[in-house]
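Per-entry structural report
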Amino acid sequence: MTIIKRKIILPTITVIIFILCPACFEIVEEVNLNNDGSGSFCFTLNLSQSKLDINAIMLLDSVNGRAVPKIDDLKKSLAQIETSLTKDSSITRVNISQNWENYIFAISGDFKNIDALNEAINNIYTMFSKNTGQALVSNDHFSYSNKIFKRLYHYNLADHYNSLSGKDKLVFKTAKYTSVYRFKSSVSNYSNANALKSKSGMSVMLKSSIMDLITNQKTIENTIYLN
Amino acid sequence: MNSIKLLLLLLLSIVTASFIHAQDLRNLVPRESSFTGVADMNKLKSKAGFAELAKLPFIEKMAQSVAEKMFKDSVKENFAGYLDLGKYGINTSGKAYFYFKTDPKVYYGAMLIPLNNEAEFTAYVKKLTTDTAGSHVTVKNNVKVASIRELKLVWNDKAVALWNAFISPVYKDSLRKSMEGFLYNPTGVSVDTIAPPPPPLQQDDSVAIVEAPVPPFVIPDTSSNSLQKDTTVNMDSNYNPSRDPYMVMYNKVDSICKGITSEWCRDHEANLLMDKGAASLSADPEFKTFVKSQPDIAFIVDYGQIASIYMSSLGSMASMFTGGKSPLSGFTDLYKGMVFYAKIEHNRNDIVLNASVKYSGMMKEIYKDVKKKNIGADFLKYMSNDLMGYYAMGIDIKAISKGVGNYMKKVLPEIPQYGPIATSALDVLDIFIDEERLYNIFSGDVVLAVNGIKPTRVIHSTYKFDDNYNRTEVNDTTTQMRPEILLMLGIGNRGDVEKILKLFNTSQLLKQYGNYYGLAKNNSSLPVYFRIQDNILFITNSQSFAENPVVYAGDKQLDKTHAALFKKNTSVLYVDIASITGFFAKDTTTRYQKNLTSATALFSSVTMYGSHKPGYAESKCVLKLKETTDNALVDIIKFINTIYENSTKVKYE
């Protein structure tokens, strides 16, 4: 019965999943910046809308030709990321929260300066690259000087997206991205036309679909001028 | 075994040829075959315009494959021309028979095809074997004999038998075991001089199985005997298999088996076309009755023989016991005398298979008290008219349990060592278990239905941002479309079922949500819910359904034909093929989308239903197609051609 379940029933359910509910996840990126360039970050991946599908997928050996990782392996990877970030003294109070019932994961911590934040992000990419076998390019993702905060965008996801199979592409169909940057000084101006400033004038938010980012219809690049 | 495949391919190629009427050959078919098939070529050709179908790329490709496999060595061009069999003395308007039979040493299969011109056929064989001098065709006991690659032919003026044989695996296994014993023969007797053992006796009530005696193991003499010096397998680069005694033995066994098979074939080939009279299929009254309606295709499977072959092949288990009956003989006896009859008719918009299973003596005993003849109708109102399929059963739990229990009490004691212990354990259990109460927990009616794609509520987390973009996590509900799966069990004693669910709840396997239960999260990540209503236990993946079971009425309820099926049968399987293939065809990323779309346009549904009668079971399977102008057989062949064309296009795109 186990063989029948793994080879016939569950793959059939997977096909049904991808037809009925192509993609339901969201990414939230939050950075709280102090005037001296230190601050805190929190990167959240929320898969709760797809939890029924993920529960079924986790029972399979592979999906779309890719091996399905075991939960224990994923937990080990997250622990390794936490250890790696903690080693860097310029990143403190590192916390990785894991909700395996609703599949919500968040990495958060404090940074002493923007370079430390960039280093932390590159470390996280390094850890994921080891598992996915993809090449890493170190980049600055943020910069801050002279009261100008920049979110930089180096990624060309279109090529990688186009190389995916049809089924893999479906994963991104309705996925969402939100970034929120909070400051101690008020925001005088910002460059991204799709971003919004809060009523208090101390925060900037950008919401986009992942597909718009992949197809370069929108960008997360933003230059924020502070008073 | 390749020749068996060739036989089947050849059968298919025969239907493309023209014809003249000929006699039935059932008197040449042995009555006691393990498998027998008959195809009425005349009927098949009248229903399907084979001349037109022969032009389809798929059929052309198949014809070429058959011709290349069979005639590669002898025919260089125009392969397909050699398959226009009507031109070569073969009568393709009669009935072709295929059967498979076992002998103590050899298994063989044969196809019998009527001839209308022996001389033309003989010339055809000579052409195929490039035998201009006629030396490949021999005459023996008024029949002609030849072979084309692995396929053997025997023919006279009435019919041709295409056949082949292979050594019985059971016999080969016993031969190998005997030879292994002689490997350590201290007398230095060469393996070459060892005669093969007698074949194992058939499993029979009156005769005990006697294994060929195995010589005792003797420490090898390491003196001059070259065979014994090399009893250690040398795995390094100097290993020479010709000096490995095990390889020598295996090769010897193969050689002996080939010799036995060849000798058997020579002794029996002329008998293939002999009228077998009372021992032929024509003397089987049940077969005569079964094919009275002149079906397109019919076949018979003797389950008893097949089970016997299978059980015998578990040689290592049976050989653990010496003397007396094999411990598996009780299970073999379950199928002894059990015969499966089936006939197929190809109609305009459907293909119908009618089947009948004649019970063995033991099966009759098991089913003798079964009274249940239908499936409860209460389930139907929970099955919507957009369902994708269902399987329903009505089991007489008490009668079957008693029947199986009595059967086990007969069989278990015969299993050495553990059998008597198991029998005693069952007797003790009888003291403590109230069987009547156990049988009545459920009514015996079970339905598993896939009710179509329904909205499913999913509560998930998302984020809300206040005016200053501070984030808070909130719950949100979305509706996702999922197939609604329902397993419905008819309840006999509601109180007992509630007690069971309560036990699972208190032991935290289940979690209670008001008037229904769900699997506790730590036990399963998949949604499974339990609900009792109307004396039915529902087990479903839909929380909405578990909260409030939907009753479908009017247009939304399942078609009344299903109620009729439930009323007259004890098992029903229904699959709405169009609904399922149409659903999967929506997946634009699949490379099978074209095939799925074609399938949706052609197929409607398949329904299988059956019921028990005294001494036998009857069943019917109807594959329904959508309205077309052609016979269903033609539609299916054209569909297969479409799949073939799609696959070749994908390869070259």
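Residues numbered from 1 in each chain as written. Chains lettered and ligands numbered in written order. Predicted model: local features only at pLDDT ≥ 70, side-chain atom pairs only at ≥ 80, totals over all residues. Heavy atoms only, no water.

Focus: helix α19 (residues 560-568) of chain B
All names here are of chain B. Among the residues of α19, His562, Leu565 and Phe566 are the ones counted as buried. Each buried residue of α19 lies within a common arc of 100° when the element is viewed along its axis, so the set occupies one face. More than 90 degrees from the buried face of α19, the exposed residues found are Lys560, Lys567 and Lys568. Buried positions along α19 lie against β11 (389-394), β12 (442-465), β18 (571-575) and β19 (603-613). (Buried < 20%, exposed > 50% of the residue type's maximum accessible area, 1.4 Å probe, protein only. Helix = DSSP H or I, 4+ residues; strand = E, 2+ residues; numbered from the N terminus. Arc of directions from axis to C-beta. Contact = heavy atoms within 4.5 Å.)

Section: the pairing of strand β20 (residues 616-625) of chain B
Looking along a regular strand, one sees side chains alternate from face to face of the sheet. All names here are of chain B. In this structure, strand β10 (residues 350-358) lies alongside β20, joined through nine bridges in antiparallel fashion. Along β20, the bridge assignment pairs Asp350 with Lys624. Examined bridge by bridge, β19 and β20 share 10 bridges and lie antiparallel to one another. Bridge pairing links Met608 to Cys621 in β20. As consecutive antiparallel partners, β19 and β20 are separated by two residues, and within that stretch Gly615 has a phi angle of approximately 90°, a positive value. (Pairing = 2+ DSSP bridges.)

Thoughts on unusual backbone geometry
Here Tyr103 of chain A, not a glycine, exhibits a phi torsion of approximately 60°, which is positive. Relative to the assigned elements, Tyr103 of chain A resides in the loop between β5 (91-99) and β6 (104-111). Despite not being glycine, Gln294 of chain B has its phi angle at roughly 55°, a positive value. Along the chain, Gln294 of chain B turns up in the loop between α9 (285-290) and β8 (297-302).

Re a nonpolar patch on the surface
Residues and elements named next belong to chain B. On the surface, a nonpolar cluster with roughly 680 Å² of combined accessible area is contributed by Leu426, Val428, Leu429, Ile431, Phe432, Ile433 and Leu438. When residues of the nonpolar patch are assigned to their parent elements, the largest contribution, five residues, is made by helix α15 (residues 418-432). Looking at the secondary structure, you find Leu426 in helix α15. (Patch = residues over 30% accessible without salt bridge, like charges linked within 9 Å, V, L, I, M, F, W, Y side chains within 5 Å. Areas by Shrake-Rupley, 256 points an atom, 1.4 Å probe, with all protein chains shown as cover. Salt bridge = Lys/Arg side-chain N within 4 Å of Asp/Glu carboxyl O.)

A few points about the interface of chain A and chain B
Interfaces are often sized by the accessible area lost when the parts come together. Listed as interface residues are 37 residues of chain A and, on the opposing side, 30 residues of chain B. Carbon and sulfur atoms make up 61% of the area that chain A and chain B hide from each other, which totals about 2,800 Å². Where chain A meets chain B, there are three salt bridges. Across the salt bridge formed by Glu30 of chain A and Arg471 of chain B, the nearest N and O atoms sit 2.8 Å from each other. For the pair chain A and chain B, the interface holds 14 residue pairs in polar contact (both at pLDDT 80 or more). Those elements that place two or more of their residues in the side of chain A that touches chain B are α1 (2-20), β1 (26-33), β2 (39-46), α2 (51-57), α6 (166-170), β9 (176-183), β11 (195-197) and β12 (203-209) of chain A. Tallied by class, the residues present in the side of chain A that touches chain B amount to 16 nonpolar, 11 polar and 10 charged. (Buried area = accessible area lost by both parts, 1.4 Å probe. Polar contact = N/O pair within 3.5 Å; in protein donor to acceptor, adjacent residues only side chain to side chain. Nonpolar A, V, L, I, M, F, W, Y, C, P; charged D, E, K, R; others polar.)

Observations regarding the packing of aromatic side chains
Within this structure, the stated rule accounts for 35 aromatic pairs over all chains. Measuring from ring centre to ring centre gives 6.4 Å for Tyr513 of chain B and Tyr529 of chain B, while their planes differ by 65°; the resulting arrangement is edge-to-face. With Tyr513 of chain B in strand β14 (residues 510-513) and Tyr529 of chain B in strand β16 (residues 529-533), the pair connects residues that are 16 residues apart, well separated along the chain. Overall, Tyr529 of chain B belongs to the buried group, its relative accessible area being 10%. Taking the centre distance of 6.0 Å and the plane angle of 65° together, the rings of Tyr516 of chain B and Tyr529 of chain B count as edge-to-face. Taken together, the positions of Tyr516 of chain B in strand β15 (residues 516-519) and Tyr529 of chain B in strand β16 put the pair 13 residues apart, joining distant regions of the chain. You'll find Tyr516 of chain B and Tyr529 of chain B in the same group, each marked buried. Among the aromatic residues, ring-to-ring pairing joins Phe35, Phe98, Phe299, Tyr303 and Phe340 of chain B into one connected group. Looking at Arg151 of chain A, its charged tip hangs above the ring of Phe142 of chain A, at a distance of 4.7 Å from the centre. (Phe/Tyr/Trp six-rings, centres within 6.5 Å; stacked < 30°, edge-to-face > 60°. Lys NZ or Arg CZ within 6 Å of the ring centre and 35° of its normal.)

A word on the pattern of salt bridges
Residues and elements named next belong to chain B. Across all of its chains, the model carries 27 salt bridges over all chains by this definition. In this structure, the salt-bridge partner of Glu286 is Lys358, at a minimum N-O distance of 3.4 Å. Of the two residues, Glu286 is situated in helix α9 and Lys358 in strand β10; the sequence distance between them amounts to 72 residues. Of the residues examined, Glu286 reaches a relative accessible area of 37% and is grouped as partly exposed. The class for Lys358 is partly exposed, based on a relative accessible area of 28%. We note a salt bridge from Lys638 to Asp630, for which the minimum N-O separation is 3.0 Å. With relative accessibility at 28%, the residue Lys638 sits in the partly exposed group.

Details of the pairing of strand β1 (residues 35-40) of chain B
Residues and elements named next belong to chain B. When you tally the buried positions in β1, you get five out of six residues, the bulk of the element. The pairing of β1 with strand β2 (residues 95-102) spans six bridges and is antiparallel. Among the inter-strand pairings, Gly37 is bridged to a residue of β2, identified as Phe98. With five bridges joining them, β1 and β8 adopt antiparallel strand pairing. Note that in β8 the partner of Gly37 across the bridge is Phe299.

A look at the nonpolar core
Counting 51 residues, the largest nonpolar core has Phe111, Leu117, Phe149 and Phe183 of chain A as the members making the most contacts within it. With seven residues, helix α4 (residues 114-132) of chain A is the single largest residue contributor to this core. If you look at the next biggest cluster of nonpolar residues, it comprises 30 residues, including Val29, Ala165, Leu281 and Val339 of chain B. (Core = buried A, V, L, I, M, F, W, Y, C linked by side-chain atoms within 4.5 Å.)

Quick look at the sheet that holds β12 of chain A
All names here are of chain A. Read across the open sheet, the seven strands follow the order β5-β6-β2-β1-β9-β12-β11; overall the sheet is mixed. At either margin of the open sheet sits one strand with a lone partner, and together these are β5 and β11. Across the sheet, the axes of successive neighbouring strands diverge by a mean angle of 10°, strand direction being ignored. As paired elements, β9 and β12 share seven bridges and run antiparallel to each other. Considered in β12, the bridge of Tyr177 is made with Ser208. Contacting β5 and β6, helix α3 (residues 71-87) runs over the sheet at an angle of about 170° to β5. (Axes fitted to C-alpha atoms, helices over the stretch in contact; angles between N-to-C directions.)

A closer look at helix α8 (residues 245-268) of chain B
All names here are of chain B. With 24 residues, α8 extends 34 Å between its outermost C-alpha atoms, agreeing within 8% with the 34 Å of an ideal straight helix rising 1.5 Å per residue. For α8, the full list of buried residues reads Pro245, Met249, Val253, Ile256, Cys257, Ile260, Thr261, Trp264 and Cys265. A distance of 2.9 Å separates the backbone nitrogen of Tyr246 from a side-chain oxygen at the start of α8, and that oxygen is part of Asp244. (Expected span 1.5 Å × (residues − 1).)

Quick word on the side chain of Thr178 of chain A
Tracing the sequence through the fold places Thr178 of chain A in strand β9. Note on Thr178 of chain A: relative accessible area 5%, which makes it buried. In this structure, Thr178 of chain A is in contact with Ile27, Val28, Glu29, Met205, Leu206 and Lys207 of chain A together with Phe465 of chain B, ignoring residues within four places of it in sequence.

Details of the confidence of the model for chain A
Residues and elements named next belong to chain A. Overall, the prediction assigns chain A a mean pLDDT of 84, with 85% of residues at 70 or greater. Ranking the elements of chain A by mean pLDDT puts α1 last, at 50, and β9 first, at 96. In the predicted structure, residues 1-6 sits below a pLDDT of 50 and forms nine contacts with residues beyond four places in sequence or in another chain. (pLDDT = per-residue confidence, 0-100.)

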